[in-house]
Amino acid sequence: MKLRIASSLLALLIMVMAGCGAKQEAVETEQAAGALDTAAVVTASPAPTLAPTPTPVPTPKPNYIVDSAFQVVCETSVNMRAEPSSKAALVAEVPNGERVEVLSYAERYTEVKVISSGQVGYIIGGYLKPEEDLLGFAVVTAPFGETEDAAFNYTYDQMLLDIDALVSAYPDKLAVESAGKSVEGRELKVLVLGDVNAKHHVFVQGAIHAREHATAFLSMALAEKWLEDGLPYPEVCFHILPMSNPDGATVNQTLQFNKKIQAIYFDDGSTGRSTLAGAEYLAEWKANINGVDLNRNFDAMWDRVNTCPSPSYSDYRGDKAESEPETKALVAYTKKYDFDATVSYHATGSMIYWEFGPNSPVNEASLSLGRAVAGVSAYKMENDDGSSFGGYKDWASYKMNIPSITIEIGTRAAPLPGTDFYNIWLRNRDVLTAIAKWVTENGK
Ligand SMILES: [Zn+2]
């Protein structure tokens, strides 16, 4: 009962914090967030950096511009700034309901023109809802709640129903495989779009971080669009694993403790790794059900993962590399097909990570792949800052020599609010096309 009350309070808190009433703009990047999380435990001698002189990467000029009318959706008003940065000069406060035209995208900001005043500036893209329905899914169920500003919860069970519905709608174009099972026995379902004997194969995985489960919905939506478009590149077979961490996503969505999570909760509290209480703590959950951050559990310079010493809601690398069944499943599936490229969808920030230290044999190819995706999404290309190891993308590029990128989709902190999805969809709906074109020209 207490938990239920706490979760309503949490919902309110999330609305106040993430909602536009507070005009909050501070969203850290994933890597920076990790650094913050571990700062309390790791006080000295940070891991040696891998990339002392990062290669400067010019961000492609955004060419993905949507000029139809959008509405500002928020409690009171949002800040409009002169540049795409929370530190830039304040141009105006744009009230809820104001109509704007989208001019371009820049990281998590959208450049807009206010229709009534003609003022031009940058606001956080997640506060914009298009006036017409630009989603257009027929099968996959959009998980928006009663209010679009609340976090949307695309559950594992809903995903299974949607996968079945997609198979019924496209029986000749879609097959479903299992990559393995989660700790709690949930099947890690992979949608195989197109011919398994195709010349090129691409692996797309989402929601390896629990609270970033919006990427599972995005992955499903991308699968439906690709099917609806009739598999436009028949020589490219996409393998989409929408939810790599279903147990963790379920913790984040239901905000329910079990014994295991409770023990980790007390440990996180007593060691100061998290000061959050109850449901607020669970809303930050990023790990699998064992308290292992799956994206720190891969065998890619795993010993350098700057980690906390025991299971936690975030950032614990595990007892050894590939200790978790979800990690093992991703490794096995990646080895099963001769992939030309891999894409990992994450939610924090609006950028593309492509590099793994100076030594990955496929850095150049990953850079080229990332630029192809940046060309349609206008996400910023981000260099490796040398602090991140043990991720899926790291392993796939460093150990498997597969050109690999991570796409961070959100404009606000995860779990993402419903309105954020419009921005995400408009910037991602052509990503599979860009990747298919890239592998056709550059793949094996
Ligand atoms: Zn993530």
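Located above this text is the structure these notes cover.
If you're wondering where the values come from, they're calculated on a predicted model, not measured in any experiment. (Residues numbered from 1 in each chain as written. Predicted model: local features only at pLDDT ≥ 70, side-chain atom pairs only at ≥ 80, totals over all residues.)

**Student:** What is the right way to look at the overall build of the chain in this model?
**Tutor:** In terms of helices and strands, the chain carries 12 helices and 15 strands. For the chain, the residues scored as buried account for 54% of the 444 residues in total. Nonlocal contacts in the chain, meaning residues at least 24 apart in sequence, comprise 77% of its contacts between residues at least 6 apart. (Helix = DSSP H or I, 4+ residues; strand = E, 2+ residues; numbered from the N terminus. Buried ≥ 20, exposed ≤ 12 C-beta atoms within 10 Å, placed from the backbone. Contact = placed C-beta atoms within 7 Å.)

**Student:** I keep staring at the packing of helix α9 (residues 363-377) against helix α12 (residues 431-442) and nothing clicks. Help me out?
**Tutor:** Working note: a packed helix pair is described by the angle between its axes plus the distance between those axes. Remark: α9 packs on α12, axes separated minimally by 9 Å, with the N-to-C direction vectors making an angle of 145 degrees. Crossing hand, α9 versus α12: right-handed. Residue-level contacts link Ala 365, Ser 368, Leu 369, Ala 372, Val 373, Gly 375, Val 376 and Ser 377 of α9 to Val 431, Ala 434, Ile 435, Lys 437, Trp 438 and Asn 442 of α12. Of the residues in the contact of α9 with α12, the class split is nine nonpolar, four polar and one charged. (Axes fitted to C-alpha atoms, helices over the stretch in contact; angles between N-to-C directions. Left-handed = near helix turned anticlockwise from the far one by under 90°. Nonpolar A, V, L, I, M, F, W, Y, C, P; charged D, E, K, R; others polar.)

**Student:** I would appreciate a short explanation of helix α6 (residues 259-270) in the present structure.
**Tutor:** Residues lying three or four places apart along an α-helix face the same way, a consequence of the helix completing one turn every 3.6 residues. Taking 1.5 Å of rise per residue, 12 residues should cover 16 Å, and α6 covers 17 Å from first to last C-alpha, within 8% of that figure. Of the residues making up α6, those classed as buried are Ile 261, Ile 264, Tyr 265 and Asp 268. Each buried residue of α6 sits inside an arc of 105 degrees when the element is viewed along its axis, so together they form one side. Opposite the buried face of α6, by more than 90 degrees, sit the exposed residues Lys 259, Gln 262, Phe 266 and Ser 270. Contacts made by the buried residues of α6 are with α5 (246-254) and α7 (278-282). With its phi angle positive at about 80 degrees, Gly 272 sits one or two positions after the end of α6. (Expected span 1.5 Å × (residues − 1). Arc of directions from axis to C-beta.)

**Student:** Sorry, what's going on with the sheet that holds strand β9 (residues 187-193) here?
**Tutor:** The pairing of strands in a sheet comes from backbone hydrogen bonds and takes either a parallel or an antiparallel form. Judged by pairing direction, the sheet is mixed, and its eight strands sit side by side in the order β8-β9-β11-β10-β12-β15-β13-β14 without closing on themselves. Each of the sheet's edge strands pairs with one partner strand only, and the pair in question is β8 (174-181) and β14 (380-382). Strand-to-strand twist in this sheet, taken as the mean axis angle between neighbours without regard to direction, amounts to 25 degrees. Pairing geometry for β9 and strand β11 (residues 236-241), over three bridges, is antiparallel. What sits directly across from Leu 193, in β11, is Phe 238. Contacts from helix α8 (residues 325-336) reach β8, β9, β10 (200-206) and β12 (341-346) within the one sheet, and its direction differs from that of β8 by about 135 degrees. In the packing of α9 onto the sheet, contacts are made with β12, β13 (351-353), β14 and β15 (404-408), and the angle to β15 comes to roughly 35 degrees. (Pairing = 2+ DSSP bridges.)

**Student:** Please explain the pairing of β11 as it appears in this structure.
**Tutor:** Every other side chain in a regular strand lies on the same face of the sheet, so the side chains alternate between the two faces. Among the six residues of β11, six are classified as buried, and the element is accordingly described as predominantly covered. Side-chain alternation along β11 places Val 236, Phe 238 and Ile 240 on one buried face and Cys 237, His 239 and Leu 241 on a second face that is also buried. A crossover links β10 with its parallel partner β11, the connecting element being helix α4 (residues 214-228), and its sense is right-handed. (Right-handed = clockwise from strand over helix to strand, strands pointing away.)

**Student:** Got a minute to help me understand α4 in this structure?
**Tutor:** The first and last C-alpha atoms of α4 sit 21 Å apart over 15 residues, in line with the 21 Å expected at 1.5 Å per residue. Most of α4 is tucked away, with 13 of its 15 residues classed as buried. Positive phi shows up at Gly 230, right after α4, with a value of about 80 degrees.

**Student:** Just checking my understanding: could you explain the nonpolar core for this structure?
**Tutor:** What tends to happen in soluble globular proteins is that the nonpolar side chains get buried as a cluster. By size, the foremost hydrophobic cluster in this structure holds 127 residues, and its most contacted members are Ile 123, Leu 193, Val 202, Phe 238, Ile 352, Val 373 and Ile 435. Among the elements that make up this core, the one with the highest residue count is α4 (nine residues). The residue makeup of this core includes at least three contributed by each of domain 1 (67-133) and domain 2 (156-442). (Core = buried A, V, L, I, M, F, W, Y, C linked by C-beta atoms within 7 Å. Domains from an automatic or database assignment.)

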